[in-house]
Amino acid sequence: MSDTRYLTVAKPSEGLYKEKGSRFLAFAFPVRSREEVKEILLELKKKYYDATHHCYAYILGADGAVFRMNDDGEPSSTAGKPIYGQLLSKNLKNVLIVVVRYFGGTKLGVSGLIKAYRNAASECLDNALIIEKKVRSVFSLSFPYEKMNVVMNMLKQYNVEQRNHCFDLECSVEIVVDNDLLSEFEKSVSVMENVKCTFFCTE
């Protein structure tokens, strides 16, 4: 995978794994931020309030730099780590997997738990639509009002996504640029007077 592309899931998917009476409900979600992760976890904990555990792992950012694993009370590294391993094995980014366990009365042991959480995560990814996405960079542009037409024409030229406009004496706009156009875009901005470009993040 190049540094301008990454793999993710197109939409939520589900999977189910059963072992010795225990049920492992697995859910994969496309996510872009920790805030999204928190919201999804809250919803699942409300919906499956009577479950024994809500274990999860996620990878954020096209470079995979932000990640977390959570065992939610299961023995250390028996749940979050095998879930995370499935994300790594399929080279996925910006994805959250949550596995909800209903205890069936029989303990599975460390190796049994690792196998169950790994298989549940694998099942929901097998049911997912995996797609390739472009890596994009988010910037903030600020400029005086009289520069608006010049800036807008430049943004139109690169077909960038625009968010959060503020048009006043001092204008600002948040923009999202495909990384395969980044070098040309930065050159165009660098020669524009009184236009400040601030990098936020990649997505």
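Since the model is a prediction, treat every value here as computed from it, not as a measurement.

Rules and cut-offs
- Residues numbered from 1 in each chain as written.
- Predicted model: local features only at pLDDT ≥ 70, side-chain atom pairs only at ≥ 80, totals over all residues.
- Heavy atoms only, no water.
- Helix = DSSP H or I, 4+ residues; strand = E, 2+ residues; numbered from the N terminus.
- Rg over C-alpha atoms; globule rule 2.2 N^0.38 Å.
- Buried < 20%, exposed > 50% of the residue type's maximum accessible area, 1.4 Å probe, protein only.
- Contact = heavy atoms within 4.5 Å.
- Areas by Shrake-Rupley, 256 points an atom, 1.4 Å probe, with all protein chains shown as cover.
- Lys, Arg positive; Asp, Glu negative; His and termini not counted.
- Charge placed at Lys NZ, Arg CZ, Asp CG, Glu CD.
- Core = buried A, V, L, I, M, F, W, Y, C linked by side-chain atoms within 4.5 Å.
- Expected span 1.5 Å × (residues − 1).
- Arc of directions from axis to C-beta.
- 1 Å grid on protein atoms, 1.4 Å probe; cavity = no way out; pocket = protein on both sides within 12 Å on 5 of 7 lines; lining within 4 Å.
- Points joined across faces, edges and corners; volume = space filled by probe spheres on them.
- Pairing = 2+ DSSP bridges.
- Phe/Tyr/Trp six-rings, centres within 6.5 Å; stacked < 30°, edge-to-face > 60°.
- Lys NZ or Arg CZ within 6 Å of the ring centre and 35° of its normal.
- UniProt positions renumbered as here; feature names shortened; annotations may be inferred.

## With respect to the overall build of the protein chain
A tally of helices and strands in the protein chain yields five helices and 11 strands. For the protein chain, whose C-alpha radius of gyration is 22 Å, the value lies well above the compact-globule estimate of 17 Å for 203 residues. Across its three principal axes, the protein chain shows a C-alpha extent of roughly 70 × 35 × 25 Å. Per-residue burial for the protein chain yields a buried fraction of 47% across its 203 residues. Considering only contacts within the protein chain whose residues lie at least 6 apart along the sequence, 72% involve residues at least 24 apart. Looking at the protein chain as shown, the accessible area adds up to about 10900 Å², and 48% of this sits on carbon and sulfur atoms. Distance from the positive charge centre (27 side chains) to the negative charge centre (26 side chains) of the protein chain: 8 Å.

## Overview of the nonpolar core
Phe-24, Ile-83, Leu-87, Ile-97, Val-99, Tyr-117 and Leu-125 are the most contacted members of the largest nonpolar core, which has 25 residues in total. At the level of secondary structure, the elements contributing two or more residues to this core comprise strand S3 (22–30), strand S4 (53–60), helix H2 (80–89), strand S6 (95–102) and helix H3 (109–126). If you tally residues by element for this core, the top one is H3, at seven residues. The contact partners of Tyr-117, leaving out residues within four places of it in the chain, are Phe-24, His-53, Cys-55, Glu-74, Thr-78, Ala-79, Pro-82, Ile-83, Val-99 and Arg-101. With 19 residues, the next largest nonpolar core counts Phe-139, Leu-141, Ile-175 and Leu-182 among its residues.

## Looking at helix H1 (residues 34–47)
With 14 residues, H1 extends 20 Å between its outermost C-alpha atoms, agreeing within 8% with the 20 Å of an ideal straight helix rising 1.5 Å per residue. Taken together, the buried positions of H1 are Val-37, Ile-40, Leu-41 and Leu-44. Each buried residue of H1 sits inside an arc of 100 degrees when the element is viewed along its axis, so together they form one side. Away from the buried face of H1 by more than 90 degrees, exposed residues Glu-35, Lys-38, Glu-39, Leu-42, Glu-43 and Lys-46 are located. Looking at the buried residues of H1, the elements they touch are S3, S4 and S6.

## Focus: the layout of surface pockets
Its volume calculated, the largest pocket comes out at about 250 Å³. Lining the largest pocket we find 13 residues, and of these Arg-32, Leu-60, Gly-61, Val-66 and Thr-202 sit closest to its centre. For the lining of the largest pocket, the secondary-structure elements that each account for two or more residues are H1 and strand S11 (196–202).

## Focus on the pairing of strand S9 (residues 161–166)
Each regular strand displays side chains that alternate between the two surfaces of the sheet. Sheet topology note: the S9/strand S10 (residues 170–178) ladder contains four bridges and is antiparallel. For Cys-166, the partnering residue across the bridge sits in S10 and is Ser-172. Where S9 folds back on S10, the antiparallel hairpin that results is connected by three residues.

## Regarding the packing of aromatic side chains
Under the counting rule described, the total for this entry stands at eight aromatic pairs. When the centroid spacing of 5.6 Å and the interplanar angle of 65 degrees are considered together, the rings of Phe-139 and Phe-199 count as edge-to-face. One end of the pair, Phe-139, is in strand S8 (residues 136–144); the other, Phe-199, is in strand S11, and 60 residues separate them in sequence. Exposure remark for Phe-199: the relative accessible area of 45% places this residue in the partly exposed category. One aromatic cluster is present, built from ring pairs that chain together Phe-139, Tyr-158, Phe-185 and Phe-199. When the ring centre of Tyr-102 is taken as origin, the NZ or CZ atom of Arg-23, which lies over that ring, is 4.8 Å away.

## Some remarks on the UniProt feature "domain: Impact N-terminal" (unreviewed entry) in the protein chain
Cross-referencing UniProt, the feature "domain: Impact N-terminal" (unreviewed entry) maps to residues 20–125 in the present numbering. Between the end C-alpha atoms of residues 20–125 there is a gap of 23 Å, over a span that is 39% helix and 28% strand.

## A look at H2
Buried within H2 are the following residues: Gly-80, Pro-82, Ile-83, Tyr-84, Gln-86 and Leu-87. Residues of H2 that are buried make contact with S4, strand S5 (66–70), S6 and H3. Just downstream of H2 lies Asn-91, where phi reads positive at about 55 degrees.

## Regarding the pairing of strand S2 (residues 13–19)
Pairing of S2 with S3 involves seven bridges; the strand directions are antiparallel. Of the residues in S3, the one forming a bridge with Glu-19 is Ser-22. Adjacent in sequence and paired antiparallel, S2 and S3 are bridged by two residues, among which Lys-20 carries a positive phi angle near 50 degrees.

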